[in-house]
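# Commentary on secondary and tertiary structure
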Amino acid sequence: MKKARNFLKNFVLISIPTFVLLFLVFEFIVFRFVLCASQVPRLEFDKEYIILKPSTNGKRTGFHSMGKWAKNTTRWQVNNFGWISDHDYQKSKHQPRLAIIGDSYIMGLEVNTDESFPELLHENLKDSMDVYSFGMAGSPLSNYLNMSRYVVANFNPDILLINVVFNDFNESVYDFSDPSLRRRFWTYKITKDSLINEIPPSSLSLDEGRLNRWLKSCATGRYLYHNLKVTKLRRLFKKETSNPASINRQNTTIRLPLMKKAVEYTIGQFKAEFPGKRIIITIDALRKAIYDDSRFDESSLNKYRLILKEACAVHDVELIDFSTHFHTDYRENKTRFEFEIDPHWNAHAHQLIAQVLYDYLRE
């Protein structure tokens, strides 16, 4: 018994200081200078327009990295209105203004802020046009409408450019959206008689619990949360049927008509609510089809592309499909448009999109 107590005593005396020392080494050296833990901007709700956005009250600059080896470290910056941009915005307008709205692809944390296509476009057009971007990671298409209301009311742009990616379609419909997204973004509830109700975020609080707050408060926690994404492990303990992707697979014939109604409603509202504004919709390329050199109509994502194309045609809204441009570029350069461990656009894709939009607007 005495030996057991001595062993336990020695174990505690040795293990606790060792654990503390290791924690300090990883916290203040490894995850700050060797494997730089990813940082994200502090977020807040604009209570007037009920939209989630980066905050000016938190850290205004930071670094983003990917995966367990903290690859592709990039720098981001929050401007005076709380959006990811290297330049500040003004409400007063002295020349035409373009507002770019979207999700994480527009937020662009995966590249240096000055390498994102909105910033490149701003640099190319700054003598003739203001280019302001409004990106919020996680936003579905249904949320872009309310973001646009905020943008028009505060910055009065002449052109609204809304960037759409393929996950936006499912996530816009309340029944197919993950509960975590419903808490933060606007979605659509579509009734049996095809009426669409805009559903605001279910919570305007960003209180995520003690564990999440701790994970985001220190370098070790940020590495676990953002780089290793440990909080996603909880999904392993949920039933398959609770996963929206599973629900979608089981109800293909039901969800496509609902998504079509959601898209038609959104495009129609852009035209109805913002008369006199030029509306441009852009959509991500069918990248897998491009890499496989297969026909676009053979892609599993093409059905979403066609839904958006039809809605834009019905409401006479301009549509720029990046598939053709990406396809031409890939044939010439054989350079992919995303990262090895992350599907977001890389610097090459941002440069290409900036050039495509510059040429389009100049025409």
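For the structure, see preceding data.
Notes on the structure in this doc start here. What you see is a predicted model; the values in this text were computed from it and never measured. Within each chain, residues carry numbers counting from 1 in the order of the written sequence. Side-chain atom pairs in this predicted model are given and counted only at pLDDT of 80 or more, local residue features only at pLDDT of at least 70, and totals for whole chains, interfaces and linings cover all residues. Side-chain metrics rest on all non-hydrogen atoms present in the structure, leaving aside hydrogens and water.

Our focus in this paragraph is the overall build of the protein chain. Looking only at helices and strands, one finds 14 helices and 13 strands in the protein chain. In the protein chain, which comprises 363 residues, the proportion classed as buried is 48%. When the accessible surface of the protein chain is totalled, it reaches about 18,700 Å², and 55% of it is carbon and sulfur. Helix and strand definitions here come from DSSP, where helices need a minimum of 4 consecutive H or I residues and strands a minimum of 2 consecutive E residues; each element is numbered from the N-terminal end. Using a 1.4 Å probe on the protein chains alone, a residue whose accessible area is under 20% of its type maximum counts as buried, one over 50% counts as exposed, and one in between counts as partly exposed. Residue exposure ignores everything except the shown protein chains as possible cover, and the areas themselves are Shrake-Rupley values with a 1.4 Å probe.

Here 2 bridges tie strand E12 (residues 338-339) to strand E13 (residues 342-345), and the two strands are oriented antiparallel to one another. Residue Glu-338 lies in a different strand from E13, and its bridge partner there is Trp-345. Paired strands, in this sense, are two strands between which DSSP finds at least two bridges. As consecutive antiparallel partners, E12 and E13 are separated by 2 residues.

With that settled, consider empty space enclosed by the protein. A 1.4 Å probe that fits but cannot get out identifies a cavity on a 1 Å grid over protein atoms alone, an open set with protein on both sides within 12 Å along at least five of seven lines counts as a pocket, and a residue lines either if it has an atom within 4 Å of a point. Grid points are joined across faces, edges and corners, and a volume is the space filled by probe spheres set on the points. Summed over the entire model, instances satisfying the criterion amount to 1 cavity of 30 Å³ or more. Taken as a whole, the largest cavity spans an internal volume of roughly 40 Å³. Lining the largest cavity are Ile-84, Ile-106, Met-107, Gly-108, Thr-113, Ser-116, Pro-118, Glu-119 and Ser-133. When residues of the lining of the largest cavity are traced back to their parent elements, those giving at least two are helix H2 (104-107) and helix H3 (117-125). Nonpolar residues are Ala, Val, Leu, Ile, Met, Phe, Trp, Tyr, Cys and Pro. Charged residues are Asp, Glu, Lys and Arg, and all others, Gly as well, are polar. Split into classes, the residues belonging to the lining of the largest cavity amount to 4 nonpolar, 4 polar and 1 charged.

Our next topic: the environment of Leu-125. Structurally, the position occupied by Leu-125 is in helix H3. As for Leu-125 and Arg-362, which are separated by 237 residues in sequence, their C-alpha atoms are 9.4 Å apart. Note on definitions: a residue-residue contact is assigned when non-hydrogen atoms from the two residues lie within 4.5 Å. What Leu-125 contacts, discounting residues up to four positions off in sequence, is Val-131, Tyr-358, Leu-361 and Arg-362.

Below, the discussion takes up the layout of surface pockets. With a probe scaled to a water molecule rolled over the atoms, the places where space remains empty come into view. Roughly 190 Å³ of volume is contained in the second largest pocket. For the second largest pocket, the lining is made up of 14 residues, of which Arg-287, Lys-288, Ala-289, Ser-299 and Leu-301 are closest to its centre. Partitioning the lining of the second largest pocket into residue classes produces 6 nonpolar, 3 polar and 5 charged.

Bringing the nonpolar core into the picture now. For the purposes of this section, nonpolar cores are sets of buried Ala, Val, Leu, Ile, Met, Phe, Trp, Tyr and Cys residues that join through side-chain atoms within 4.5 Å. Within the largest apolar cluster, 84 residues are counted, with the highest numbers of intra-cluster contacts made by Phe-134 and Phe-326. Of the residues forming this core, the biggest block, 8 residues, is contributed by helix H4 (residues 141-155). Those residues in contact with Phe-326, other than ones at most four positions away along the chain, are Asp-284, Ala-285, Arg-287, Ile-290, Phe-337, Trp-345, Ala-349, Leu-352 and Ile-353. Ranked by size, the runner-up nonpolar core spans 7 residues in total, among them Phe-31, Ala-37, Ala-70 and Ala-219.

A few words now on the side chain of His-64. In this structure, His-64 sits in strand E3 (residues 61-66). Its relative accessible area of 9% is what places His-64 among the buried residues. The residues contacting His-64, other than those within four sequence positions of it, are Ser-38, Gln-39, Asn-72, Thr-73, Thr-74, Trp-76, Leu-109 and Glu-110.

Attention now goes to the pattern of salt bridges. What makes a salt bridge here is a side-chain nitrogen of Lys or Arg within 4 Å of a carboxyl oxygen of Asp or Glu, nothing more. The full count for this structure, using the stated rule, is 18 salt bridges. Ionic pairing is found between Arg-32 and Glu-27, a salt bridge with its closest N-O pair at 2.8 Å. According to the relative accessible area criterion, Glu-27 is buried, its value standing at 3%. Notably, a salt bridge pairs Glu-44 with Lys-53, separated by 3.8 Å at the nearest N-O pair. What makes Lys-53 buried here is its relative accessible area of 4%. Overlapping salt bridges, with partners in common, bring together Asp-284, Arg-287, Arg-336 and Glu-338 in one network.

A grouping of Ile-16, Phe-19, Val-20, Leu-21, Leu-22, Leu-24, Val-25, Phe-26, Phe-28, Ile-29, Phe-33 and Val-34 is seen on the molecular surface, where their side chains present a nonpolar patch of about 1,200 Å² in accessible area. Locating Leu-21 in the fold gives a position in helix H1 (residues 2-34). Relative accessible area serves as the criterion here: at 54%, Leu-21 is assigned to the exposed category. The residues that make up patches have over 30% relative accessible area and no salt bridge, and they are joined within 9 Å when like-charged or within 5 Å when they are Val, Leu, Ile, Met, Phe, Trp or Tyr.

Now for the sheet that holds strand E6 (residues 130-135). Reading across the sheet, the 5 strands line up as E6-E5-E7-E10-E11 and stay open at both edges, with parallel pairing between neighbours. Looking along the sheet, the strands with just one partner apiece sit at the ends: E6 and strand E11 (318-321). Geometrically, the sheet is characterised by an average inter-axis angle of 20° between neighbouring strands, direction not taken into account. Across 4 bridges, the pairing between strand E10 (residues 278-283) and E11 is parallel. Looking at the pairing, Ile-281 lines up with Leu-319 of E11. Angles shown run from 0 to 180 degrees and are taken between the N-to-C directions of axes, each axis being a line fitted to C-alpha atoms and, for helices, limited to the stretch in contact.

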